[in-house]
Each structure stands twice: as C-alpha cells, then as structure tokens.
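Breakdown of the fold
If you want the building blocks of each chain, they are given just below.
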Amino acid sequence: MRRTPSRRLLLLAMLSLVAAAIAAPRTEAASAHDIDIGVDATLDRFYREVGGAYDLAHRAAGILVFPTVVKAGFGIGGEYGEGALRVRGRTAGYFNTVSASIGFQLGAQARSVIIMFMTEQALDRFRRTDGWKVGVDAGVTLVTVGASGSIDTTKINSPVIGFILGETGLMYNLTLEGSKISRIRR
C-alpha cells in the first residue's frame, strides 16, 4: 500500500503525541520519601564517581538534585523529572523540571541532573522565582571532568553550575537550556 504525504504527516503526528505522552509529567508527584531516597543515591554516586565533587558540594549554598529526568521524543520531545533542593544537607523543598523540544530526535533516555548554587545570592534568586527557567532567570555552567577524572574546583567561579550524569557517568555536550523548574506544591 502506498502512503500519501498526508498519511505520513498523520502517522508522524500520532507518533509524536505518543512520545510526548511518555515524557509527560505524571498526574501524581512521587512521594517526598521516594524523592529523598533518589536524591541520596544520586549524590552518593556523584561523590563516588567524580573526584572533588564532595568538597565542591560542601562549598555550595544549595544543591538541586533530580535523580531521574526522562527525555523522550519522535520529532517532538519532552522531558520531565522530580527532585529536591538540599540546603545545608537538609531538604528545603521539592521541584520538577520540564522542557519540550522540536527537531531531530528519536528515542528515550534517562539521566540525573545536579545543579549547585555556589552563592547565597544565586540560591535566594532561585527560591524567589516561581517557574525558574534555565538560560532566562540564570545561566547554568555545565562542568566537565578533567583527564584525571576529577573536578578542578579552583577554576569554578560561576554562581550556578550543573552536572548531568548518565548511566555511564558524567555526560558531555548536553544542555539544560530551556528547562523550567517549578516547586511541587505539597
């Protein structure tokens, strides 16, 4: 059977909707307990795999951790994850991250995102903003690991820095640009 261009467009639209539905936010947020367990596990892995991460985290005014951010798409994509803000080692609130994109994309992936607020001013600005947008409300400098497998903490001077962890460790050439981070109302 030969497919006409309109059928192809309809098929593409349907597949895009399915992909967006996969990445769409759940109607019910994970429990605070579940989020905290995921945050602890993500930070433990980060400290274990990335030299200098523990010291850097203890210099941060606050750390926002999304243990699992799922991105899926077929032409049109979406991304969603839930996490917690830690201030002085204690959970100070729960948040979600959402983004959408259009362009060449196919498939799904999960990753962990860690955002560190290195100054009290950056942390305060984040906490005061409802619907904080990466790249609009603040830039997030993504940090890469050096050849030694560790972070050179002496060269980090940005007020907000980010790390993206994949299944195999720190991921490169990714962006958080366009992500919207909002408080989960409890």
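Residues numbered from 1 in each chain as written. Predicted model: local features only at pLDDT ≥ 70, side-chain atom pairs only at ≥ 80, totals over all residues. Heavy atoms only, no water.

Counting its regular elements, the protein contains 4 helices and 7 strands. For the protein, the succession of helices and strands along the chain, N to C, is α-α-α-β-β-α-β-β-β-β-β. In the protein, which comprises 186 residues, the share counted as buried stands at 43%. Here the contacts in the protein between residues at least 6 apart in sequence split such that 72% fall between residues at least 24 apart. As displayed, the protein offers around 10,700 Å² of accessible surface, 54% of which is attributable to carbon and sulfur atoms. (Helix = DSSP H or I, 4+ residues; strand = E, 2+ residues; numbered from the N terminus. Buried < 20%, exposed > 50% of the residue type's maximum accessible area, 1.4 Å probe, protein only. Contact = heavy atoms within 4.5 Å. Areas by Shrake-Rupley, 256 points an atom, 1.4 Å probe, with all protein chains shown as cover.)

Let's shift gears to the pattern of salt bridges. Under the defined criterion, the tally for this structure stands at 4 salt bridges. Residue Arg45 pairs with Glu49 through a salt bridge whose shortest N-O separation is 3.0 Å. Placement of the pair is Arg45 and Glu49 together in helix H2 (residues 32-49), with a separation of 4 residues, close to one helical turn. Take Glu49: its relative accessible area is 39%, and that puts it in the partly exposed class. (Salt bridge = Lys/Arg side-chain N within 4 Å of Asp/Glu carboxyl O.)

Core analysis: the biggest nonpolar cluster contains 23 residues, and Phe46, Leu56, Ile63, Ile114, Met116, Ile151 and Phe163 have the highest contact counts within it. The set of elements that each furnish at least two residues to this core consists of H2, helix H3 (53-59), strand E1 (62-87), strand E2 (90-117) and strand E5 (160-166). With residues up to four places along the chain from it excluded, the contact list for Ile63 reads Leu43, Tyr47, Ala57, Ala84, Leu85, Arg86, Ile114, Ile115 and Met116. (Core = buried A, V, L, I, M, F, W, Y, C linked by side-chain atoms within 4.5 Å.)

Right, let's get into helix H4 (residues 120-128). By the burial criterion, the buried members of H4 are Ala122, Leu123 and Phe126. Taken end-on, H4 shows its buried residues confined to a sector of 100°, consistent with a single buried face. Turned more than 90 degrees away from the buried face of H4, the exposed residues are Gln121 and Arg128. (Arc of directions from axis to C-beta.)

Quick look at H2 now. With 18 residues, H2 extends 26 Å between its outermost C-alpha atoms, agreeing within 8% with the 26 Å of an ideal straight helix rising 1.5 Å per residue. Those residues of H2 that fall on the buried side of the exposure criterion are Ile35, Asp36, Gly38, Val39, Thr42, Leu43, Arg45 and Phe46. (Expected span 1.5 Å × (residues − 1).)

As a further point, take the confidence of the model for the protein. Per-residue pLDDT for the protein averages 76, and the proportion of residues at 70 or more is 63%. Per-element confidence in the protein ranges from a low mean pLDDT of 46 for helix H1 (residues 5-23) to a high of 95 for H2. Segment residues 9-27 is flagged for pLDDT under 50; beyond a separation of four residues in sequence, or across chains, it makes 18 contacts in the model. Ignoring residues within four places in sequence, the model shows residues 169-173, a span with pLDDT below 50, making 16 contacts including any to other chains. (pLDDT = per-residue confidence, 0-100.)

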